[in-house]
Amino acid sequence: MEFRTAEALEPKSAAVDSPLPQVVEAAVSSPSNIRSFSITGLFFLAIFYTLYFASEFILPVALAVLVSLLLLPVVGFLSKKVHIPEAIGS
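Quantities reported herein were computed from a predicted structural model and do not represent experimental measurements.

**Considering helix H4 (residues 55-80)**
Link 1 in the chain: Its 26 residues place the ends of H4 37 Å apart at the C-alpha level, agreeing with the 38 Å of an ideal helix rising 1.5 Å per residue.
Link 2 in the chain: At Leu-71, H4 shows its largest kink, close to 40 degrees, and the proline Pro-73 lies no more than four residues downstream.

**Brief notes about a nonpolar patch on the surface**
Link 1 in the chain: Residues Phe-43, Phe-44, Ile-47, Phe-48, Leu-51, Phe-57, Ile-58, Val-61, Val-65, Leu-69 and Leu-72 make up a contiguous nonpolar surface patch of about 1100 Å² in total accessible area.
Link 2 in the chain: At the level of elements, helix H3 (31-53) and H4 are the ones that each hand at least two residues to the nonpolar patch.
Link 3 in the chain: Sort the elements by how many residues they give to the nonpolar patch and H4 lands first, with six residues.
Link 4 in the chain: Within the fold, Phe-44 resides in helix H3.
Link 5 in the chain: According to the relative accessible area criterion, Phe-44 is partly exposed, its value standing at 44%.

**Focus on the confidence of the model for the chain**
Link 1 in the chain: Taken over all residues, the pLDDT of the chain has a mean of 80, while the share at 70 or more is 70%.
Link 2 in the chain: By mean pLDDT, the top-scoring element of the chain is H4 (93), and the lowest-scoring one is helix H1 (residues 6-9) (56).

**Considering the packing of aromatic side chains**
Link 1 in the chain: Enumeration over the complete set of coordinates arrives at three aromatic pairs.
Link 2 in the chain: A ring pair is formed by Tyr-49 and Phe-53, whose centres lie 4.9 Å apart and whose planes are at 70 degrees; its orientation type is edge-to-face. You can see Tyr-49 and its partner Phe-53 sitting in helix H3, four residues apart, about one turn around the helix. This pair shows no difference in class: Tyr-49 is exposed, exactly as Phe-53 is.
Link 3 in the chain: Their ring planes at 80 degrees and their centres at 5.0 Å tell us that Tyr-52 and Phe-53 sit as a pair that is edge-to-face. Residue Tyr-52 shares its accessibility class with Phe-53, and that shared class is exposed.
Link 4 in the chain: Aromatic rings pair up to connect Tyr-49, Tyr-52 and Phe-53 into one cluster.

Definitions and cut-offs
- Residues numbered from 1 in each chain as written.
- Predicted model: local features only at pLDDT ≥ 70, side-chain atom pairs only at ≥ 80, totals over all residues.
- Heavy atoms only, no water.
- Helix = DSSP H or I, 4+ residues; strand = E, 2+ residues; numbered from the N terminus.
- Expected span 1.5 Å × (residues − 1).
- Bend = angle between axes of the 7 residues up to and from the residue.
- Patch = residues over 30% accessible without salt bridge, like charges linked within 9 Å, V, L, I, M, F, W, Y side chains within 5 Å.
- Areas by Shrake-Rupley, 256 points an atom, 1.4 Å probe, with all protein chains shown as cover.
- Salt bridge = Lys/Arg side-chain N within 4 Å of Asp/Glu carboxyl O.
- Buried < 20%, exposed > 50% of the residue type's maximum accessible area, 1.4 Å probe, protein only.
- pLDDT = per-residue confidence, 0-100.
- Phe/Tyr/Trp six-rings, centres within 6.5 Å; stacked < 30°, edge-to-face > 60°.

Set out below in structure tokens:
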């Protein structure tokens, strides 16, 4: 195992000017950008919070729509080829 001295671990001042990358530094350079970033983060947290508590309603509805779309070709086949009405075929 190789141990490094404290001098080897110190960053070189010429290579690293700022601890933050330029993109992050530009994003947080003004208060309005920080406020916008914070509001966007809170918005996404609110969406996830709402979806978590609404999952008892949203999941069955989403599954019903998915099954309906999956069975649509079968109902079309039954109504056109076998002459079964769509209400009965579905």
